[in-house]
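# Notes for the structure review
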Amino acid sequence: MTDCRRLARFFVGLAAFVSSARAAEASPWTLPRGNLVLAAGYNFQTASQEFFESGAARNYPLRGRYTGSTYVLGVRAGLAENLEFEAQLPVRLVAYDSDPVIVLARPMGDTSAPNDFSYYRNNIINLARSASGISDLVFATRYRLAVRSAPSAAFAFELRIKVPTGYQGPSGTFGDRPTSAADFLANATRYVTPQNVRDDVTLGDGQVDIAPSFLFGYAWRSRTFMRLDLGYNLRLGGAGHQVTGALRAGQALGDRLLVYGGIQCAFTVTQGRLLGISVAAVNPDVAAADYTVENLLIRELRFERDSIDVGAGLIVRLNPQAELNVGYQRTLWGRNTALVDAFNLAVAMRTSLLTGR
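Below or above, wherever it landed, is the structure these notes cover. (Residues numbered from 1 in each chain as written. Predicted model: local features only at pLDDT ≥ 70, side-chain atom pairs only at ≥ 80, totals over all residues. Heavy atoms only, no water.)

### Focus: the overall build of the protein chain
Broken down by element type, the protein chain carries four helices and 18 strands. With the C-alpha coordinates aligned to their principal axes, the bounding extent of the protein chain is approximately 85 × 35 × 30 Å. In the structure as shown, the protein chain presents an accessible area of about 16,500 Å², 59% of it carried by carbon and sulfur atoms. Taken together, the 36 basic and 30 acidic charged side chains of the protein chain have centroids lying 10 Å from each other. (Helix = DSSP H or I, 4+ residues; strand = E, 2+ residues; numbered from the N terminus. Areas by Shrake-Rupley, 256 points an atom, 1.4 Å probe, with all protein chains shown as cover. Lys, Arg positive; Asp, Glu negative; His and termini not counted. Charge placed at Lys NZ, Arg CZ, Asp CG, Glu CD.)

So, in structure tokens, the structure goes:
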């Protein structure tokens, strides 16, 4: 077997987390018929900054910080020599912590509390939230259109579908009403109450994605590889559709180690529906004790998101059937998204369901 064919075989069973929280990574080198890859992965995310509709990243207000953990079980199965199926089951724990704050002063003539102390105690806004549970189920099929060896190259078509499991999707800071900044400002005392706090701490976007894409991979005799993905993400449920892409490259070092790096992006190309009003801060570094209504920044938040992420990592072959993948990813730029640092760990095991293979 040539080095290129060994490398192509090595790609077939790779675990995920090259650039996302997948437990079975898509590959233009599809699994041989009867082969099965079982994977388990963990992804930890943290962020203290976010991107708005434009401009550089800025701190979360009130010393805010987002953390998320995702545990993924995945399976890939070779149904034919050029066709494979993939499924993923993710369990997520997400949390947002920040300092509590009193946003609005007591209106003149308000009789909801006997004194100012009682009023302000009852109107402390706490944006800290957490959620846990099964996130989005993912199903994918890949059909290899072409393959060659010496050097090794493969070209495949993928159809990936993401389905939510019934959790509450994202909304504005105080729910999906009001739907305009003018309405919010005119009725702020009605909307800005502790019981209305919703924010967007959620297990996912709560909508279906249908994402066709093309995958191209090339491996040189030097045991260097390159992979290019180009796709379109049809995001249902009123979300803006996206054009997606990824470019990855790596080098095998001996028979047990592969290092890799890459970049991936997603750009919204259609307008998403209005999620609600997001209440941010003109100056996010103002302490909670110094907050005034003049520091509130009212944004009409749409169901749209762009991002450019870079990542790197290494894959260690533990034995002929098992591999360990360790990686890191960071958001370089985005729109309506967090500046995330992500750390990934996955183990994948390959077996054959056919005797003699």
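### Concerning the pattern of salt bridges
Applying the stated criterion to the full structure yields 19 salt bridges. Residue Glu 53 pairs with Arg 299 through a salt bridge whose shortest N-O separation is 3.2 Å. Separated by 246 residues along the polypeptide, Glu 53 in the loop between strand E2 (49-51) and strand E3 (58-59) and Arg 299 in strand E14 (residues 296-302) bring together distant segments of the chain. Accessibility expressed as a relative area gives 9% for Arg 299, which makes it buried. Ionic contacts of the salt-bridge type, sharing partners, join the residues Arg 76, Glu 84, Glu 86, Arg 142, Glu 158 and Arg 160 into one network. (Salt bridge = Lys/Arg side-chain N within 4 Å of Asp/Glu carboxyl O. Buried < 20%, exposed > 50% of the residue type's maximum accessible area, 1.4 Å probe, protein only.)

### Focus on the sheet that holds E2
Reading across from one edge, E3-E2-E17 is the order of the three strands in this open sheet, with antiparallel pairing throughout. Looking at the sheet topology across the chains shown, the edges are occupied by E3 and strand E17 (337-338). Of the pairings in the sheet, the one linking E2 to E3 comprises two bridges and is antiparallel in character. By the bridge assignment, Gln 49 is partnered in E3 with Asn 59. (Pairing = 2+ DSSP bridges.)

### Let's talk about the pairing of strand E11 (residues 242-253)
Along any regular strand, the residues point their side chains to alternate faces of the sheet. In the sheet, strand E10 (residues 224-235) pairs with E11 via 10 bridges, with the strands oriented antiparallel. Residue Met 226 lies in a different strand from E11, and its bridge partner there is Ala 249. The hairpin formed by E10 and E11 contains six residues between the paired strands, and Gly 237 there has a positive phi angle of roughly 75 degrees. One ladder, built from 12 bridges, connects E11 with strand E12 (residues 257-268); its direction is antiparallel.

### Quick look at the nonpolar core
Counting residues in each nonpolar core, the largest one holds 28 residues, and the members touching the most others are Val 103, Ile 125, Phe 174, Phe 184 and Val 192. Residue assignment for this core shows that the elements contributing at least two residues are strand E5 (83-97), helix H4 (188-191) and strand E13 (274-281). For this core, the leading source of residues is E13, giving three residues. Residues within four places of Val 103 in sequence aside, it is in contact with Ile 125, Val 192, Thr 292, Val 293 and Leu 296. (Core = buried A, V, L, I, M, F, W, Y, C linked by side-chain atoms within 4.5 Å. Contact = heavy atoms within 4.5 Å.)

### Description of the side chain of Gln 242
Summarising the element assignment, Gln 242 is placed in strand E11. A distance of 2.9 Å separates a polar side-chain atom of Gln 242 from the backbone oxygen of Arg 305. (Polar contact = N/O pair within 3.5 Å; in protein donor to acceptor, adjacent residues only side chain to side chain.)

### Focus: a nonpolar patch on the surface
A cluster of nonpolar side chains, namely Tyr 143, Leu 145, Phe 155, Phe 157, Phe 214, Phe 216, Leu 228, Leu 230, Leu 247 and Ile 263, defines an oily patch on the protein surface of about 840 Å² accessible area. At the level of elements, strand E7 (137-148), strand E8 (152-163), strand E9 (209-219) and E10 are the ones that each hand at least two residues to the nonpolar patch. Within the secondary structure layout, Leu 247 lies in strand E11. A relative accessible area of 42% places Leu 247 in the partly exposed class. (Patch = residues over 30% accessible without salt bridge, like charges linked within 9 Å, V, L, I, M, F, W, Y side chains within 5 Å.)

### Here's the deal with the packing of aromatic side chains
Counted according to the given criterion, the structure contains seven aromatic pairs. Residues Phe 155 and Phe 214 carry aromatic rings whose centres are separated by 5.7 Å and whose planes lie at 5 degrees to one another, so their mutual orientation is stacked. Taken as a pair, Phe 155 in strand E8 and Phe 214 in strand E9 lie far apart in primary sequence, 59 residues in all. With relative accessibility at 41%, the residue Phe 214 sits in the partly exposed group. Ring pairing ties together the aromatic residues Phe 155, Phe 157 and Phe 214, which thus form one cluster. Seen from the ring of Phe 52, Arg 299 lies directly overhead, with NZ or CZ sitting 3.8 Å from the centre. (Phe/Tyr/Trp six-rings, centres within 6.5 Å; stacked < 30°, edge-to-face > 60°. Lys NZ or Arg CZ within 6 Å of the ring centre and 35° of its normal.)

### Concerning the side chain of Ser 213
Checked against the element boundaries, Ser 213 lands in strand E9. Overall, the relative accessible area of 10% leaves Ser 213 in the buried class. When near neighbours in sequence (up to four residues on either side) are disregarded, Ser 213 contacts Ala 156, Phe 157, Glu 158, Leu 230 and Gly 231.

### A closer look at unusual backbone geometry
Backbone geometry at Leu 62 places phi at a positive 60 degrees, although glycine is not the residue there. Mapped onto the fold, Leu 62 is located in the loop between E3 and strand E4 (65-80). A residue is classified by how much of its surface remains accessible, and Leu 62, at 4% relative accessible area, is buried. At Arg 223, a residue that is not glycine, the phi angle is positive and equals roughly 70 degrees. By the element assignment, Arg 223 lies in the loop between E9 and E10. For Arg 223, a relative accessible area of 14% translates into the label buried.

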